[in-house]
Amino acid sequence: MGPTRAQFIQYAPAALAVGALTVGPWSALAAAAAGAGAWAVGASVPALRSLIACGITATGSGIAAHQLLASGIDPLFALGLAVPAGAAALAHHRNTAAELPALPATVPTGESSQAQVITAWWTEFICGPTQTEGRKLIQPGATLAHLTVDVGDDHLVFTGIITLPQGQQVRVKAADIGSVYGVPVSQVEMGDPKHYAPNALPVTVHLKKPSAVPAIAAGVPSMPEELWAAHVAVPDGAMPGTTLTLTRYTGPLDWEGIATRDRKAIGTVNLDDLAANLALSSIQIALARTDKPSQVGVRVMKEHALMHGTMLSAVVDELAMDSRGYVRLGTYIDGQAALVPLAQPGSGARHLYLVGGSRSGKSGVLEQILLSAHRSRIAVILASPQAGTIAGARLAAHCGDGLDEAMGALRLAYALMLDREARYRTPSFPFTDPLVLTVIDEAHMLLSVASPYHAEAKAIVEQLTRRSLKRGIGVVLATQTPLAEDLGNSTVIRSQLLIGGGAVFLRCAKGQGSLVGANAVQGAEGIDLSMIPDSWPGQAQRVADRDMSGLDTTAAANPEDGTFGLGYLLTPGSQAVQFRSLHLDIPPTVLTGGLPPVAVEDCEAWLHREAIARTPMVDQRGKNLVGSLTDLLAKAQQGAAAVPQQQQAQSTPAGPAATSDGQELIKPRILELLRQESIPMTAETIARKLGTTAKNIKPRLSELKKRDEITNENGLWRAA
């Protein structure tokens, strides 16, 4: 910043006097320049006269000093000529000292820098006397008197009195002051003119205001205990008659506590109602049962505790069944291991009901179960109507991959149950044969009314869920929704699954996951599975910050990338608790230890498994399910004897146009079959339906594909 006008007028001659000693004759030009500058800045006539006199004196002294130095005389004589120049400069300083502008009267001695700035802005924009060209003062003469400033770490406030001469009235408004200091009008407080003199009005301006704390009206609950008492413990609340005791509190969205009901069991709690009472989403709150029926743990979360998941590789030792028959399936919301029973020692096997829509993590849970069964030496019969969806299918002793093959796997499981019932007459299974899990993926494709196997599959699954546990055969049934139609409208299947084991509820499609009314499950009432979000908070930003350099084929999904595996686990005798299944950071098949799949015992049902898998077990009306092993084997043998005759009849040349291998007859039949069926089929399924071998079918399929009459996608053939 350059010198002010007053500083220039006062100190320019002194600089000129010093410069004259070295500049010499050229100091006349310097004096002329100083005079011109003084005139330009608007100096008064006395100041100009004093400046000219000082310049002449300094110039003369400078010329004389220069001549003395040039003639070789002692420099001390030349230095003595600086005395007149300095005296002239001092005289000029005294002459102009009276003309320096004085500070405003409202700025007291020792005023703080904040007060000086406040006063300067007030003078510059509101009262004057200075005024910039093109800008009008708000009210000339309206000075700010009695200024006081309150400065703190989180606030800066000044107060004062707007003062005018007698007979004038203050016209400065709060909006004017706010615009000058750049603050909202709400931060400017002015006195009521009715209570003060017209020419003196107090004002308070909050230049910096502390963060506003939400005002809580008297009687409105704010702390968790108060909210609980006001909305949850009331008669129409989610947990009437309870009280909340906090055990940890770090904020309104991060606390834990114990809900207690005096000498009464709390019973079933509707999580949606509880979340609504506390103004939360259902994913932000979790309950944990304690040893006392009158107490339950409550946890409210800002960031979900299961976001980062539990790695499968970190808990390998917990995948095998323990002495109680439990295996680890994931982690509860409180960090404890989430266990499900696959067997009950001394009693038999256990069922498991699994519900989850697309991208919910259902397939990952099934792969965990297959791995746990393998490590626990439990045999698996897998029925997978949607071919190729289970990565761990090779861990099964028998795999029915595809709709027809899945129905065959159900028939085999039913025949194995009949076989064991015939061999073991005691009430409890003696465990001389391996435990067996019948895993049914996408069960709605077999059980729904639209399925071609609806009646038979429904009859078989009802009998399996009712009678198989004592024979060491458990049912793991997975479907996309908890709706009754996905189970063939059978209340028997669901009730037996829940009575005989646990249930896993994952995210479902909107409108299909509410466990209320006809879909209510004891211990999980009120849960809406469609309310489980498909992503964690902040996921949208992570996607926006994605790498656009190309597809990384080696990249793996992280637990934070989605909520797959997040849901509720219901085990026998407990309440549904929020949990998350293990994150498959490594393929489960890698953890098999190189051991082959656990085999089913050699028995009549297993020896005739191929014929049994092709033998329908109900009549055309879906009634009269085969009830004994003897009748089943007899029917299977009849069906097996009829197949060679059918094959022989089909292989007989129909005329001279037929070739020796019958390929021209097989191709039209393949096309007709694929066009009639609404689902794709494997080569083995096509061969079985046409009564021939897959070796004879596969070359014909390749020829038809070259003609673009059929297509192949992942081993599944369909008409083009």
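Residues numbered from 1 in each chain as written. Predicted model: local features only at pLDDT ≥ 70, side-chain atom pairs only at ≥ 80, totals over all residues. Heavy atoms only, no water.

**Overview of the overall build of the chain**
- A count of helical and extended segments in the chain gives 21 helices and 22 strands.
- Burial status across the chain gives 45% buried among its 720 residues.
- At a minimum sequence separation of 6, the contacts of the chain that also span at least 24 residues come to 63%.
- Accessible surface for the chain amounts to roughly 36,300 Å². Of this, 56% is attributable to carbon and sulfur atoms. (Helix = DSSP H or I, 4+ residues; strand = E, 2+ residues; numbered from the N terminus. Buried < 20%, exposed > 50% of the residue type's maximum accessible area, 1.4 Å probe, protein only. Contact = heavy atoms within 4.5 Å. Areas by Shrake-Rupley, 256 points an atom, 1.4 Å probe, with all protein chains shown as cover.)

**Considering the confidence of the model for the chain**
- Confidence along the chain averages 80 in pLDDT terms, with 76% of residues attaining 70 or more.
- Contacts from residues 98–109, a stretch scored under 50 in pLDDT, to residues over four places away or in other chains number 12 contacts.
- Between residues 643–663, whose pLDDT stays under 50, and residues either more than four places distant or in other chains, the model counts 16 contacts. (pLDDT = per-residue confidence, 0-100.)

**Quick notes on the side chain of His398**
- When you line up the elements, His398 lands in strand E15 (residues 398–401).
- Since its relative accessible area comes to 15%, His398 is described here as buried.
- Discounting residues that sit within four places of it in the chain, His398 has contacts with Val380, Ile381, Leu382, Ala409, Leu412 and Trp606.

**Re the packing of helix H20 (residues 683–690) against helix H21 (residues 694–706)**
- Put simply, H20 and H21 touch, their axes get as near as 9 Å, and they point 115 degrees apart. Considering their axes alone, H20 and H21 lie roughly perpendicular with respect to each other. In the crossing of H20 with H21, the sense of the turn from one axis to the other is right-handed. On the side of H20, the interface is formed by Ala683, Glu684, Ile686, Ala687 and Leu690, while H21 contributes Ala694, Ile697, Lys698 and Leu701.
- Among the residues making up the contact of H20 with H21, the classes are represented as 7 nonpolar, no polar and 2 charged. (Axes fitted to C-alpha atoms, helices over the stretch in contact; angles between N-to-C directions. Parallel < 35°, antiparallel > 145°, perpendicular 65-115°, else oblique. Left-handed = near helix turned anticlockwise from the far one by under 90°. Nonpolar A, V, L, I, M, F, W, Y, C, P; charged D, E, K, R; others polar.)

**Structural notes on H20**
- Among the residues of H20, Ala683, Thr685, Ile686, Ala687 and Leu690 are the ones counted as buried.
- Positioned one or two residues after H20, Gly691 has a phi angle of 70 degrees, which is positive.

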